[in-house]
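Now for the letters of each chain:
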Amino acid sequence: MQKIKMFAIGCGTLAIALGAGHFIQTANRPDTTTLAADAKVSDALHAPDAATDGTVELTSIPMTSTIPTPPSDAQAPAHLPEAPESSVRVAALLGDDGKKVTDALPSEVTAPNLTCDYTLTADNAQGAMVALSLDAPCAKNERFTLHHNGLMFTQVTDEGGHASMLVPALAKSAVFIVAFPNGEGAVANTDVESVDHYQRVAIQWQGNSGVQLHALEFGAEMGSDGHVWSAARRNVAAAADGKQGFMTLLGDSGQPEALMAEIYTFPSRLAWRDGAVALRVEAEITQNNCARDIEAQALQTQPGGGLIVKELTLAIPECDAVGDFLVLKNLLNDLTIARN
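Here the residue numbering is sequential within each chain, running from 1 through the sequence in written order. For a predicted model such as this one, the threshold for reporting local features is a pLDDT of at least 70, and the threshold for listing and counting side-chain atom pairs is 80 or more; totals across whole chains, interfaces and linings nevertheless cover every residue. Side-chain measures were taken over the full set of non-hydrogen atoms in the model, leaving aside hydrogen atoms and water.

1. Quick look at the overall build of the protein chain
Right, so step 1: The helix and strand labels rest on DSSP assignments: H or I over at least four residues marks a helix, E over at least two residues marks a strand, and numbering proceeds from the N terminus. Across its full length, the protein chain carries 3 helices and 17 strands.
Right, so step 2: When each of the 340 residues of the protein chain is scored for burial, the buried share is 34%.
Right, so step 3: Whether two residues touch is decided by their heavy atoms; if any such pair falls within 4.5 Å, the residues are in contact. Of all intrachain contacts in the protein chain linking residues separated by at least 6 positions in sequence, the fraction that spans at least 24 positions is 61%. For every residue, the accessible area obtained with a 1.4 Å probe (protein chains only) is divided by the maximum for its type, and the residue is called buried under 20%, exposed over 50%, and partly exposed between those limits.

What follows is the structure in structure tokens.
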């Protein structure tokens, strides 16, 4: 019975709340129908014969609704001004002197061309050499690879995007290609008629392999005047009289995993004596190459313009042999020199 009373009281409270809401919406406007309905609800809550099943029937409660209206002092929508007259627009473009203001504005500046040309030029030089000049203004201090007839080496442009190289020609119709990592590059070619007057052999490798090319002229011993290698290279002037050869070093060893090359040149068509030049390849065992395999490649020109290419793989001994040398005597063909 207590639960029934509580439920009945709750329903009564709901009805009173609804009636209060209706009263607020219809402020100062009494409604006798609503008051009668409230009385009936109150009678139902206190009737002695209320249903014992816990339900209370609410009747004669009208449903009402109102539409809110804006306050009387609401502002009206603002209206934008009409477009100014054409005469006003013309006056705005005139200065104090009556001239158009636009006449005093600076003319449009043409946007600079941000594209860059990669230019490579090739000029013949003494000793069947080719002087290369690279201009790449958009590739300052950039690494690149130069390709020529199978020869490859790494070089770097300077702060202005320029690089100069003196490269031994390996073919009469010499083509040189510069390739940058971004895919850009340049090509140059030149005819080197004097290339048949010289015999050349090149060794090329990558990184700190320790590979060295040695040339022993006319029976010279290691360390003598006739021993030509990276520590005793000579220059192109040594070949002018046909008595000596010279060594050219190519590549920037300061670059990581750079492509490097050494090229020995002898003026065989200018020789003043018969004899031979013994060629050999050595690999110094260092902390950089010990206990691993290194790869190299040999390029050797032949009379008549042919080129012999040989691949080389060396298994370097363990690091306890650092300071020793591996000697390869038969990798290259010795040069046969005939007096002319």
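2. As for the environment of H197
Right, so step 1: Its place among the elements puts H197 in the loop between β7 (185–191) and β8 (199–206).
Right, so step 2: Using a relative accessible area of 32% as the deciding quantity, one classes H197 as partly exposed.
Right, so step 3: For the pair H197 and A271, spaced 74 residues apart in sequence, the C-alpha separation works out to 9.7 Å.
Right, so step 4: Every residue in contact with H197, bar those within four places of it in the chain, is listed here: F266, P267, S268 and R269.

3. Observations regarding the packing of aromatic side chains
Right, so step 1: Here is the rule: rings of Phe, Tyr and Trp (six-membered ring for Trp) pair when centre to centre is within 6.5 Å. Planes less than 30 degrees apart are stacked, more than 60 are edge-to-face, and the remainder are tilted. A complete count under the given rule lists 3 aromatic pairs for this structure.
Right, so step 2: With centroids separated by 5.5 Å and ring planes inclined at 50°, the aromatic side chains of F144 and F180 adopt a geometry described as tilted. Residue F144 is found in strand β3 (residues 143–148), and its partner F180 is found in the loop between β6 (173–179) and β7; the two are separated by 36 residues along the sequence.
Right, so step 3: With relative accessibility at 1%, the residue F144 sits in the buried group.
Right, so step 4: By relative accessible area, which is 6% here, F180 ends up buried.
Right, so step 5: What links up through ring pairs into an aromatic cluster is the set Y118, F144 and F180.
Right, so step 6: Positioned over the ring face of Y198 is R200, at 5.6 Å from the centre of the ring. Note on geometry: a ring has a charge over it if NZ (lysine) or CZ (arginine) is within 6 Å of the ring centre and within 35 degrees of the ring normal.

4. Some words on the side chain of Q297
Right, so step 1: Examined against the element boundaries, Q297 turns out to sit in strand β14 (residues 293–301).
Right, so step 2: Polar contact is defined as a pair of N or O atoms within 3.5 Å, subject to the rule that within protein one atom must be able to donate a hydrogen and the other to accept it, and that residues adjacent in sequence are counted only when both atoms are side-chain atoms. A distance of 2.5 Å separates polar atoms of two side chains, one belonging to Q297 and the other to Q204.
Right, so step 3: There is a polar contact of 2.6 Å between the side chain of Q297 and the side chain of E311.
Right, so step 4: Leaving out residues up to four positions away in the same chain, Q297 has contacts with G150, A202, I203, Q204, V309, K310 and E311.

5. Focus: the pattern of salt bridges
Right, so step 1: Definition used for salt bridges: Asp or Glu carboxyl oxygen within 4 Å of a side-chain nitrogen of Lys or Arg. Tallied over the full model, the rule gives 4 salt bridges.
Right, so step 2: A salt bridge links E193 to K172; the nearest nitrogen and oxygen atoms lie 4.0 Å apart. Within this pair, whereas E193 is found in the loop between β7 and β8, its partner K172 is found in the loop between β5 (162–168) and β6, the two being separated by 21 residues in sequence.
Right, so step 3: With a relative accessible area of 54%, E193 lands in the exposed category.
Right, so step 4: The exposure class of K172 is partly exposed, given its relative accessible area of 34%.
Right, so step 5: Each of K172, E193 and D196 takes part in a single network of salt bridges with overlapping partners.

6. Considerations on the state of the cysteines
Right, so step 1: Note on terminology: disulfide denotes any pair of cysteine sulfur atoms within 2.5 Å. Considering all chains together, one arrives at 2 disulfides under this definition.
Right, so step 2: Put simply, C116 and C138 are joined by a disulfide, and their sulfur atoms are 1.7 Å apart. Taking the torsion about the sulfur-sulfur bond, which here is approximately 45°, the covalent link between C116 and C138 counts as right-handed. Residue C116 is located in the loop between α3 (86–92) and β1 (119–125), and its partner C138 is located in the loop between β2 (129–135) and β3; the two are separated by 22 residues in the primary sequence.
Right, so step 3: Look at C116 and you get partly exposed, because its relative accessible area is 27%.
Right, so step 4: The disulfide bridge from C290 ends at C319, spanning 1.9 Å between sulfur atoms. Judged by the sign of its S-S torsion, about 70°, the bond between C290 and C319 is right-handed. In this pair, C290 sits in the loop between β13 (275–284) and β14 while C319 sits in the loop between β15 (307–315) and β16 (325–328), placing the two residues 29 residues apart along the sequence.
Right, so step 5: The connectivity of the disulfide bonds within the protein chain can be written as 1-2, 3-4, using the sequence rank of each bonded cysteine.

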